[in-house]
Amino acid sequence: MAHPWELICHHAYGGFAGIVVDRSPSSASDARVVNIPDEDFLPDGARPETGSIRFAQGTGSVRIPATTMPWRLLEGLRVEALVRRTSAHKNFILDSNAFRFFVENDNGNEGHLIARFVDTAGTSIQVDSINDAVAGPFGVDVNRWVALGFVYDGFGKIELFADGVVVARKIGLIDILKSVDGDGVRIGESRDGIHSFQGQIDGLKIWRRNPRRFYDDFHARPMNPETAACWRKFDEGLQAAQRRHPECAERLNKDLRQGLRNALWSIVSDGPDAIDRLGETVKEYQRLWRAGKVGSPEMIACIAGFIEWLQSAGLDGALKSGANELSSSECFQTIAAEVPMPDCDRQFKHLFEQVAARLSGQNQKSKA
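To keep things clear, this report deals only with the structure shown in the data block.

Criteria and cut-off values
Residues numbered from 1 in each chain as written. Predicted model: local features only at pLDDT ≥ 70, side-chain atom pairs only at ≥ 80, totals over all residues. Heavy atoms only, no water. Buried < 20%, exposed > 50% of the residue type's maximum accessible area, 1.4 Å probe, protein only. Helix = DSSP H or I, 4+ residues; strand = E, 2+ residues; numbered from the N terminus. Pairing = 2+ DSSP bridges. Axes fitted to C-alpha atoms, helices over the stretch in contact; angles between N-to-C directions. Disulfide = S-S within 2.5 Å.

## Concerning the pairing of strand E9 (residues 113–118)
Phase 1 of the analysis: In terms of burial, E9 is a largely internal element, 5 of the 6 residues being buried.
Phase 2 of the analysis: From the end of E9 to the start of strand E10 (residues 124–128), which pair antiparallel, there are 5 residues, and Gly 122 there has a positive phi angle of about 85°.

See below:
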C-alpha cells in the first residue's frame, strides 16, 4: 500500500549558522534566514549536538518560499516541531495564509496549543487544547522540550499532538487547504512580525497527503506484462486528454475529490459502527488487491457486499448523487469520449461485470 503521507520539509538546525537546508526527498523547503544572528544557531538542542535555533522576541524567522511543486496541492497536512518555549507570551511556531500553529499567552491557561486553518472554500477552522481537549485541558510547559504537532487530514478530522499523544481533536467535514501564497511559511514568527517564538526549535518536519497514493495503490497489484501495458496506454491517453482540456481536467479532479469526500462523510457521520464497517472493507479490499485477487469471488463479495450494506443503511445517496453528477458533466463526457475505459484487463472487467450483476439481481428481488 502506498504511504498516505509525503515528507516535504525536514529541517534539522544543526548545520552551518545562517543556512537552513531541506533534507526531505523533494528538497522543496530550503529556507531563508531573516534577522537571526549566527550566535543563535546553537550546537545543542533537545539532545547534545543535535543543533537548534534560539528565537527571541522580534529577532527574526526562518522562511520557506513554498513555491515548489509539493506545496501547490495540500490535500492534508501533518507537522511536527521539537521546541522549548522560554516565555509565557504568545509563541508562534508556524504561520502562513493557509495555516498557523502557536502557543497562546498563558494568562491562567498554561499556554494552550492552537492551530488555525483556511480551506479552499475560504472557511476558517480552529482547534485548541482547551475547548477541543481529548482528556482535559492541555498546556505547553515553559522550559521543557516537547514535540508539538498537528494532523489536518483534509476530510473530517484535525488533531493536536504533544510527544505523540493526541491532546485535542475536532471532527467535521473540511476541505483541502487553501494554497500557500507568495509570502510562504514563516517559522518562529507570525506573518505580521508582531509575535515571535521565544525559546529554541530543534527541528521541523512537514508532510502533505501523498497525491499519488491512489495511483500507486492501483499499480501495486500484480499484473502480467499485457495488463500492465494496457493500463499504461490508458494512463498516457488520459494525461494527453487532460493536457488538451486543462480546464476540464481541473474541474473533474475537483468534482471527483468533492464527490468522494461527501460520500465518505455520509458514512463517517453515521457513527462508530459505520466507521468500523468502512475500515474493515478498505482493509479487505487492499489485501485482495495487493494479492492479485481482483476478479475473485472474495473481491466481488467485498465490494458488492459493502454497496448492499450502504443501500440497506440508507447511506448510498451521496455516492449515487456524486457518481451521477460526475458522469453527466460535459467535461467528463468530453474526456471519456477521447479516452474510453480499457477492456483488456480481464480480471478488472470481470469484477465490474459481476458486481453490477449482483447488485442488479438484488434490486430485482427488492422490487418483486
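Moving on, there is more to tell.
## So, the sheet that holds strand E2 (residues 32–34)
Phase 1 of the analysis: Pairing is antiparallel in the open sheet, where 7 strands are placed in the order E2-E5-E14-E7-E8-E9-E10. Each of the sheet's edge strands pairs with one partner strand only, and the pair in question is E2 and E10. Each strand of the sheet is rotated relative to its neighbour by a mean of 20°, with strand direction disregarded.
Phase 2 of the analysis: Direction of pairing for strand E8 (residues 99–103) relative to E9: antiparallel, over a ladder of 5 bridges. Across the sheet, the residue bridging to Phe 102 is Ile 114, located in E9.

## Remarks on the state of the cysteines
Phase 1 of the analysis: Applying the stated criterion to the full structure yields 2 disulfides.
Phase 2 of the analysis: Note on cysteine connectivity: Cys 230 is disulfide-linked to Cys 344, with sulfurs 1.8 Å apart. Where Cys 230 bonds to Cys 344 through sulfur, the torsion about that S-S bond is close to 75°, and the disulfide is right-handed. In this pair, Cys 230 sits in helix H2 (residues 225–244) while Cys 344 sits in the loop between helix H7 (330–338) and helix H8 (346–367), placing the two residues 114 residues apart along the sequence.
Phase 3 of the analysis: By relative accessible area, which is 8% here, Cys 230 ends up buried.
Phase 4 of the analysis: Assessed through its relative accessible area of 41%, Cys 344 is described here as partly exposed.
Phase 5 of the analysis: Covalent S-S linkage joins Cys 248 and Cys 331, the inter-sulfur distance amounting to 2.3 Å. A torsion of -75° about the S-S bond marks the disulfide between Cys 248 and Cys 331 as left-handed.

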